[in-house]
Amino acid sequence: MSQLVIDLGKITANTRAVVDSCRSRGLEVWGVTKALLGCPRVGAAMLRGGVAGLADSRLANIERLHQTLGPAAMMLLRLPSPSQAQQTVALAAVSLNSEPATLDLLDRAAREGGGTHRVILMVDLGDRREGVLPADVEGLAGDVAHRRSLELVGIGANFACYGGVMPSPDNLTELVDLARQVRRVTGLELPVVSGGNSSSMRLVEEGTMPEGVTQLRVGEAILLGREPSTGRPVIGADADAFRLAVEVIEVKRRPSLPRGQTARDAFGREPRFEDRGERLRALGALGMQDLGAGSISPEAPGVEVLGASSDHLILDVTETGSAVRVGDHLWFRPNYGALLALATCPHVERHYLGDAPGMGR
Ligand SMILES: *Cc1c(COP(=O)(O)O)cnc(C)c1O
């Protein structure tokens, strides 16, 4: 069986590295757990590393984190679904928002629950996923400021998710300026200026993060020790907190070219092949079902991933220095997409290193 090995000590150390870099620039870090279905062990590892709270895009994950970790502060990253306004208020201390109708429901739910709900307004600074356009921030902020059971704590932006737009001193200065403007018109303190995800770490490390940005929401940089849009390593972070062991179920020499008339493969793609003669091939017990849209890189030199069908990983092992045998496990590093799929796949066993006591399942 394939196994995902999760080193919690490395996740804590990576968190600490990110938190320290950010703290020296005046930023707090929220640890993002969505790639792991809100895994409480990973959440706990991030909390040990010093994050201000945990952030996830799904309420079910936040609920799971609460069940094990108690009342740690949780942020809902995806805009709340109107149908889940009540649960949002009950489970998340703070949520990211842009829709007046949803804010209305959150306000009502918070009032009914006898409390208040904290809100960060999202601004679209060019990546074109969520958020109001800069010109509309002031209006919406004024609207939220008047609601009795909502507490407007800040504004935020997201980058490098849909449009591939990188955070920059320019667009983040725009965010800081917008926050200043909102403070002026609402009279609120607005302590939170949430300047993006892992892709913003580059600015922190280069010392170009504009003053006045106070928060980042960080997943990949902590989990994989990499800055996602460029693949650059994060300073002080380890890249192998997650390792995947794939069991080999066949090893045989075979021609590199198919024989017979070819059409589309199992996923509707038209495969192309290069004639490299006869090669030593291994099949791994892992496939598209486990990997989703992600990819994995072999740790051992000479192992090459040729492709995958739903349940098989097709490897060229001709150039490996040592023999590969049936029953061996080959090691890989997942990228973020693969991690997301592997963590949700019931066929992949998870093995934790460096767990804290009392964590349950
Ligand atoms: C997923 C997400 C993040 C974290 O992204 P990473 O690249 O993993 O750091 C931050 N903010 C929002 C709104 C997200 O959806």
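Because the structure is predicted, anything quoted here is derived from the model rather than measured.

Caption draft 1: Spatial organisation of the environment of Met46. Structurally, the position occupied by Met46 is in helix α2 (residues 40–48). Sequence separation between Met46 and His347 is 301 residues, and the spatial gap between their C-alpha atoms is 26 Å. Discounting chain neighbours no more than four positions away, the residues touching Met46 are Ile11, Thr15, Gly31, Val32, Thr33, Val51, Leu54, Ile222 and Leu223.

Caption draft 2: Expanded view of the packing of aromatic side chains. Counted by the stated rule, this structure contains zero aromatic pairs. For Arg41, the ring lying beneath its charged end belongs to Tyr352, and the centroid distance is 4.4 Å. A cation over an aromatic ring shows up here: Arg243 above the ring of Trp331, its NZ or CZ 4.0 Å from the ring centre.

Caption draft 3: Quick look at the site of the ligand. Every one of the 15 residues lining the ligand counts as a neighbour, but Lys34, Ser198, Arg217, Gly219 and Glu220 are closest to it. In the environment of the ligand, an oxygen atom lies 3.0 Å from a nitrogen or oxygen atom belonging to the side chain of Arg129. Between Gly219 and the ligand, the recorded distance is 2.8 Å, taken from a backbone N or O atom to an oxygen atom. Starting from 390 Å² of accessible surface for the ligand in isolation, the protein chains cover 94%.

Caption draft 4: Structural detail: the environment of Arg264. Within the secondary structure, Arg264 is located in the loop between β12 (242–255) and β13 (278–284). Beyond its immediate sequence surroundings of up to four residues, Arg264 is in contact with Arg269 and Glu270.

Caption draft 5: Structural context of the packing of helix α6 (residues 137–145) against helix α7 (residues 169–186). Where α6 contacts α7, the axes come no closer than 10 Å and their chain directions differ by 45 degrees. Put simply, α6 runs oblique to α7. Our pair here, α6 against α7, has a crossing hand that is right-handed. Packed against α6, whose contacting residues are Val137, Glu138, Ala141, Gly142 and Ala145, the element α7 presents Leu178, Gln181, Val182, Val185 and Thr186 at the interface.

The rules behind the values
- Residues numbered from 1 in each chain as written.
- Predicted model: local features only at pLDDT ≥ 70, side-chain atom pairs only at ≥ 80, totals over all residues.
- Heavy atoms only, no water.
- Helix = DSSP H or I, 4+ residues; strand = E, 2+ residues; numbered from the N terminus.
- Contact = heavy atoms within 4.5 Å.
- Phe/Tyr/Trp six-rings, centres within 6.5 Å; stacked < 30°, edge-to-face > 60°.
- Lys NZ or Arg CZ within 6 Å of the ring centre and 35° of its normal.
- Near = heavy atom within 4 Å.
- Polar contact = N/O pair within 3.5 Å; in protein donor to acceptor, adjacent residues only side chain to side chain.
- Areas by Shrake-Rupley, 256 points an atom, 1.4 Å probe, with all protein chains shown as cover.
- Axes fitted to C-alpha atoms, helices over the stretch in contact; angles between N-to-C directions.
- Parallel < 35°, antiparallel > 145°, perpendicular 65-115°, else oblique.
- Left-handed = near helix turned anticlockwise from the far one by under 90°.

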